[in-house]
Amino acid sequence: MLNSKNIIIGVTGGIAAYKIPLLVRLLKKAGAQVQVICTPAALQFVTAETLTVLSENPCITEFFQPETGAWNHHVNLGLWADALIIAPCGSNTIAKMTTGQCDNLLLTTYLSARCPVWIAPAMDLDMYQQAAVKDNLNTLQNRGVHIIPAETGELASGLLGEGRMAEPEKLFAALDDYFAPKPSHWNNKHILITAGPTFEAIDPVRFIGNHSTGQMGISIANALIDLGAKVTLVLGPSSLKPRKEVKLISVISAKSMLEACEIEFEHADGLIMSAAVADYRPDTPSPEKIKKSEPELTLKLVKNPDILHTLSHKKKSTQFTVGFALETEHPEKYAVEKLKRKNLDAVILNVVSENSGFKSNTNKITIFDKKNRIFESSVQSKDQIAVILLNTLNDWLF
Ligand code: C5P
């Protein structure tokens, strides 16, 4: 499963670094391209030459190559990688990853990486038991870093206990499992997706709307087709279109979106509601175009039905509902409140920023589920975010 995958192995200073050449060999044998990045301290435990020869790629440590002066561009490295594994990962690197410090090439690459990240902690007995280390590992895990726990055994200090790096075969298996095709629960499921804005008429030519493009929901609908699902997309006014295999129902307003969803949800296995539904609509839209004769115009707005809330409170035990939350303040708190109030199985938080939210082609999400699980993605294309989201829901919902 690792054939043709681009893997970065980060090596930090620890005695277990002497086992990393074996991991490089296993990955190379499986057909992966391997780039090793050592911290300066790692080179006291393993040689760059060994790692270079085995990986068939110069092992790098510095931002600039001493011989040629060429820049080892951490952003390019981060984008190149399909996976980053840091092994052994000592407490110093764990702490710096937690706080976002980047005083070496490995840490800058970690911060730039958009791929999944694994760490294999390794340290001496008492260090591994420190509350600070445990807290940092928890934080990283909550941010989506995969932790390959240290094992119990004889340690370099002569002490016996927990702290040994998991063996290279185990590290290899963690990566191999991740890329192995998973049984998809989406196959043959009928999923209802909503996407896009809603337009609420003021008069025949004007409306209240928002900047949603519908891209995120369309990416989810398309990705579900790849996973063998039957998909109905209820789409508000959008210039984008899903793949032809998706059953498309175009709507304009929140009321028409609710009507379509009520019918479609009846025979769906689940609903993923990514539409940016207008919360309010003009109470009585004017049947004729409003003239600009008056110096002021007051619109009376009334609340729209909450589609997700309505459907979630009448779902059958076999159906699931998932919503989106877009928050500008206290995002986690409000997202979890929404999960409970709207009776959801999971909620996906996206924060409005330069590279996430409405108009961006990329997104960054955090998924919370009703069993208090949390998954945080890195910034990725919306198509890629859809795949990550569906993989996580595949593990959590069924
Ligand atoms: O309450 P809030 O609008 O923040 O909730 C967002 C979630 O609820 C999204 O999944 C959105 O599609 C859905 N929603 C809805 N009907 C509304 C407003 C939001 O279904 N009137």
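Now for the site of the ligand. Inspection of the region around the ligand gives M273, A275, V277, D279, P305, D306, I307, L308, G323, F324, K338 and K342 as its neighbouring residues. Here a nitrogen atom of the ligand and a side-chain polar atom of D306 are 3.4 Å apart. Protein chains bury 86% of the 450 Å² of accessible surface belonging to the ligand in isolation. Contributions of two or more residues to the shell around the ligand are made by α11 (307–312) and β16 (320–327). When its residues are assigned to classes, the shell around the ligand shows seven nonpolar, one polar and four charged.

Our focus in this paragraph is unusual backbone geometry. Cis geometry is adopted by the peptide bond preceding P88, which originates at A87 and carries an omega value of -10°. Here P88 shows up in strand β3 (residues 83–89). Unlike most non-glycine residues, H330 shows phi in positive territory, near 40°. Take H330: it is sitting in the loop between β16 and α12 (331–341). A relative accessible area of 47% places H330 in the partly exposed class. For N343, which is not glycine, the phi dihedral falls at a positive 60°.

Turning next to the pairing of strand β4 (residues 117–121). With five of its five residues buried, β4 lies for the most part within the structure. With burial as the criterion, each face of β4 is covered, one bearing V117, I119 and P121 and the other bearing W118 and A120. Sheet analysis places β3 next to β4, joined by four bridges and oriented parallel. Paired with L84 across the strands is V117, a residue of β4.

With that settled, consider the domain arrangement of the chain. Each assigned domain of the chain is listed with its residue range as follows: domain 1 (6–179) and domain 2 (190–286 + 294–397). In this assembly, six residues from domain 1 lie in contact with six residues from domain 2. Summed over both sides, the interface between domain 1 and domain 2 buries roughly 490 Å², with carbon and sulfur atoms accounting for 44% of that surface. Sorting the residues of domain 1 by area buried against domain 2 places R114, N142 and R143 first, and these three jointly supply 79% of that buried surface. Between domain 1 and domain 2 we count zero salt bridges in total.

What counts, and where the lines are drawn
- Residues numbered from 1 in each chain as written.
- Predicted model: local features only at pLDDT ≥ 70, side-chain atom pairs only at ≥ 80, totals over all residues.
- Heavy atoms only, no water.
- Near = heavy atom within 4 Å.
- Polar contact = N/O pair within 3.5 Å; in protein donor to acceptor, adjacent residues only side chain to side chain.
- Areas by Shrake-Rupley, 256 points an atom, 1.4 Å probe, with all protein chains shown as cover.
- Helix = DSSP H or I, 4+ residues; strand = E, 2+ residues; numbered from the N terminus.
- Nonpolar A, V, L, I, M, F, W, Y, C, P; charged D, E, K, R; others polar.
- Buried < 20%, exposed > 50% of the residue type's maximum accessible area, 1.4 Å probe, protein only.
- Pairing = 2+ DSSP bridges.
- Domains from an automatic or database assignment.
- Contact = heavy atoms within 4.5 Å.
- Buried area = accessible area lost by both parts, 1.4 Å probe.
- Salt bridge = Lys/Arg side-chain N within 4 Å of Asp/Glu carboxyl O.

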